[in-house]
Amino acid sequence: MEHKIFSLALALALYCGIIPASSAAGKNEAGPYLQSALYFGTVEEIVLEDDGSMSALWLNSERYGEYVMILSDETVWIDAGTKTAFDKSALTEGESVYVLHSAISTMSLPPQSRAYAVVRNMPQDVEIEDYLED
């Protein structure tokens, strides 16, 4: 099931022009891809910088526990219900989201990892694949 969700999210991102086709196509002459991990949880806190920009999501999940997802300008924001990108400022605390993140995380408590994609309104009957980055 997890594989179909990401397939839909990636196809959606490519269709909407969120991710350039060249970066998602899998061609990288500089080295291997980093694989992703999937996390599903509730947004406990949206971490803001002094200038008001979002820098991280503090998430909690019954299955996965607490996690901090580090955001960047490269983080993709996908609304699977409308099949479009969404404005990250529309994200609210208490909302449940899927996050495709780096398979590499810190050893801190809670662990921290770089978020590749934040997906909201994901149908429950769809599977998600690994997120590959060059």
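All of these numbers come straight from a predicted model, not from anything done at the bench.

### Some words on the overall build of the protein
Piece 1. When you go through the protein residue by residue, the secondary structure sums to 2 helices and 7 strands.
Piece 2. Tracing the protein from N to C terminus, the helices and strands come up as α-α-β-β-β-β-β-β-β.
Piece 3. Counting across all 134 residues of the protein, residues that qualify as buried make up 38%.
Piece 4. In the protein, 65% of the contacts between residues at least 6 apart in sequence involve partners at least 24 apart.
Piece 5. With an accessible surface of roughly 7600 Å², the protein has 52% of that area assigned to carbon and sulfur atoms.

### Concerning the nonpolar core
Piece 1. Grouped together as the largest cluster of nonpolar side chains are 16 residues, with contacts concentrated most on Leu57, Leu59, Trp77, Leu91 and Val118.
Piece 2. Contributing elements (two or more residues each) for this core: β1 (36–48), β2 (54–61), β3 (65–70), β6 (96–102) and β7 (112–120).
Piece 3. Not counting residues within four places of it along the chain, the set of residues in contact with leucine 91 comprises Val43, Ile46, Leu57, Trp77, Phe86, Val97 and Arg120.
Piece 4. Formed by 9 residues, the second largest nonpolar core is a distinct cluster that contains Leu38, Ala117, Val119 and Met122.

### Some details on a negative patch on the surface
Piece 1. On the surface, a cluster of negative charge is made up of Glu44, Glu45, Glu66 and Glu93.
Piece 2. With respect to the helices and strands, the residue glutamate 45 is situated in strand β1.
Piece 3. Look at glutamate 45 and you get partly exposed, because its relative accessible area is 37%.

### Some remarks on the side chain of serine 61
Piece 1. Assignment of secondary structure puts serine 61 in strand β2.
Piece 2. The exposure class of serine 61 is buried, given its relative accessible area of 12%.
Piece 3. In this structure the side chain of serine 61 is engaged in a polar contact, spanning 3.2 Å, whose partner is the backbone nitrogen of arginine 63.
Piece 4. Those residues within four positions of serine 61 in sequence are excluded, and the remaining contacts are Tyr39, Phe40 and Gly41.

### Considering the pairing of β3
Each regular strand shows side chains that alternate between the opposite faces of the sheet.
Piece 1. Bridge analysis of β2 against β3 gives 6 bridges, and the strand direction is antiparallel. In the strand pairing of β3, tryptophan 58 is matched with valine 68.
Piece 2. Remark: 3 residues form the turn of the hairpin made by β2 and β3, two consecutive strands paired antiparallel.
Piece 3. Here 3 bridges tie β3 to β7, and the two strands are oriented parallel to one another. Considered in β7, the bridge of isoleucine 70 is made with arginine 114.

### Let's talk about the environment of glutamate 95
Piece 1. By secondary structure assignment, the location of glutamate 95 is in the loop between β5 (84–85) and β6.
Piece 2. Apart from the residues lying within four places of it in its own chain, the contact partners of glutamate 95 are Gly41, Thr42, Val43, Ala90 and Arg120.
Piece 3. A distance of 2.7 Å separates a polar atom in the side chain of glutamate 95 from a polar atom in the side chain of arginine 120.

### Side note on the packing of aromatic side chains
For any pair of aromatic rings, the description consists of the separation of the ring centres together with the inter-plane angle of the planes.
Piece 1. Within the structure shown, the criterion is met by 4 aromatic pairs.
Piece 2. Where tyrosine 39 meets tyrosine 64, the ring centres are 5.4 Å apart and the plane angle is 40°; that geometry is what we call tilted. Taken together, the positions of tyrosine 39 in strand β1 and tyrosine 64 in the loop between β2 and β3 put the pair 25 residues apart, joining distant regions of the chain.
Piece 3. Using a relative accessible area of 1% as the deciding quantity, one classes tyrosine 39 as buried.
Piece 4. Residue class for tyrosine 64 comes out partly exposed when judged on its relative accessible area of 33%.
Piece 5. These aromatic residues form a ring-pair network of at least three members: Tyr39, Tyr64 and Tyr67.

Conventions we followed
Residues numbered from 1 in each chain as written. Predicted model: local features only at pLDDT ≥ 70, side-chain atom pairs only at ≥ 80, totals over all residues. Heavy atoms only, no water. Helix = DSSP H or I, 4+ residues; strand = E, 2+ residues; numbered from the N terminus. Buried < 20%, exposed > 50% of the residue type's maximum accessible area, 1.4 Å probe, protein only. Contact = heavy atoms within 4.5 Å. Areas by Shrake-Rupley, 256 points an atom, 1.4 Å probe, with all protein chains shown as cover. Core = buried A, V, L, I, M, F, W, Y, C linked by side-chain atoms within 4.5 Å. Patch = residues over 30% accessible without salt bridge, like charges linked within 9 Å, V, L, I, M, F, W, Y side chains within 5 Å. Salt bridge = Lys/Arg side-chain N within 4 Å of Asp/Glu carboxyl O. Lys, Arg positive; Asp, Glu negative; His and termini not counted. Charge placed at Lys NZ, Arg CZ, Asp CG, Glu CD. Polar contact = N/O pair within 3.5 Å; in protein donor to acceptor, adjacent residues only side chain to side chain. Pairing = 2+ DSSP bridges. Phe/Tyr/Trp six-rings, centres within 6.5 Å; stacked < 30°, edge-to-face > 60°.

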